Amino acid sequence: MQTEFNLVTSTRYDPVNLVEGDRYWLLSYHVDRLRRAAGEHGWTNVKALTVDEVRLECERAVSEFIDADESTAFKIRILLTPTGILTATANATRPLLPLSHPSSGEIFDISLFDAGDATGSTAASNHPLAGQPYVSLYLDTEPTSPSIFTSTKTTNRKHYDDARKRAGIRPMTTASASSSAANHPEAHTLQSSDCDVLLYTPDLLISETTIRNVAFPRSSPSGAAIWLTPSPSTGCLPGVMRRYLLDQGRIQEAKHGELRKEDVTPGQLLLVFNGVEGVRIGRVAEIALNDGHT
């Protein structure tokens with residue numbers, strides 16, 4: 001296991017699509033995540049971070065792109081070392097997809113997911129979700145055990161990289177999908193970030209994907225339709241967008257054992273989300289991406 005690592009969190013800088021009036025998405029959530037993770041790892045040398053301190057470092061990273069358009073959005077990767085050194089790097093990211101803003105109401109309307117694959121070619125052209133690009137999710141072939149490296153976000157990502165390798169998808173640190181992914185019939189229209197792996201624990205409980213949290217459509221005891229996200233007891237990362245959506249009442253936390261691998265079916269639609277992309281539709285792939293030729 002990797003012995004040297006840093007804490008990491010990634011936010012979106014978007015001068016057009018603000019969240020809570022801020023172009024740096026959920027920055028206070030990111031700072032709180034870093035503080036909590038430092039405590040969990042026993043980093044006693046790390047001083048208390050402030051939002052202003054992190055914002056200043058993010059602004060420095062964005063300012064390096066002097067030729068960027070005023071509307072350019074950035075993914076900002078923030079690193080914190082065990083000794084408390086804070087750094088941020090910015091890279092231009094694609095524009096926010098339709099309906100992906102966390103305040104969008106339509107993407108959380110479960111009734112829109114009832115009429116088959118609303119993102120497919122058979123969807124009516126006037127369907128609110130028609131043409132919405134989805135994330136193709138490949139159910140992992142091996143479990144991922146919960147650990148402090150799944151419940152905190154660090155640069156030790158071997159368990160996630162291994163899952164992506166099993167599916168034939170390059171780690172997110174590389175720019176493109178693997179050759180097997182590029183030649184796959186479902187992958188020819190997808191960017192590498194549009195493919196992901198749905199993870200589960202040795203107890204066969206769904207936890208997350210390699211870079212996103214998830215929520216499944218379910219019925220509450222009262223019969224109301226709700227979005228359920230896996231419990232932290234599965235070892236999933238309590239991501240910042242997950243926390244925000246819980247705070248906003250958009251999703252609810254599942255009870256332990258409520259979301260199981262056996263209930264995942266090909267073609268199933270769900271929500272996936274993180275602090276850079278916002279909220280997207282995930283679709284469970286019909287067949288495994290890795291065909292044995294990677």
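Residues numbered from 1 in each chain as written. Predicted model: local features only at pLDDT ≥ 70, side-chain atom pairs only at ≥ 80, totals over all residues. Heavy atoms only, no water.

- As recorded by an unreviewed UniProt entry, the protein chain carries the name D-aminoacid aminotransferase-like PLP-dependent enzyme and is attributed to Gloeophyllum trabeum.

Thoughts on helix α4 (residues 158-167)
Residues separated by three or four positions in an α-helix point in the same direction, a consequence of the helix having 3.6 residues per turn.
Consideration 1: Every buried residue of α4 is accounted for by H159, Y160, A163, R164 and A167. Around the axis of α4, the buried residues are gathered within 135° of arc, so they sit on the same side. Exposed and oriented more than 90 degrees from the buried face of α4 are K158 and K165.
Consideration 2: Summarising the contacts, the buried residues of α4 are in contact with β4 (134-139), α3 (148-151), β5 (195-200) and β6 (206-209).
Consideration 3: Residue G168 follows α4 closely and has a positive phi angle near 85°. (Buried < 20%, exposed > 50% of the residue type's maximum accessible area, 1.4 Å probe, protein only. Helix = DSSP H or I, 4+ residues; strand = E, 2+ residues; numbered from the N terminus. Arc of directions from axis to C-beta. Contact = heavy atoms within 4.5 Å.)

Structural notes on the sheet that holds strand β10 (residues 269-274)
Consideration 1: The mixed open sheet is built from eight strands, whose spatial order is β6-β5-β4-β11-β10-β7-β8-β9. Of all the strands in the sheet, just β6 and β9 (252-253) have a single pairing partner and so form its edges.
Consideration 2: Alignment of β4 against strand β11 (residues 278-284), held across four bridges, turns out to be parallel. If you follow S136 over to β11, its bridge partner there is R283.
Consideration 3: Seen against the sheet, α4 touches β4, β5 and β6 and runs at an angle of roughly 115° to β5. (Pairing = 2+ DSSP bridges. Axes fitted to C-alpha atoms, helices over the stretch in contact; angles between N-to-C directions.)

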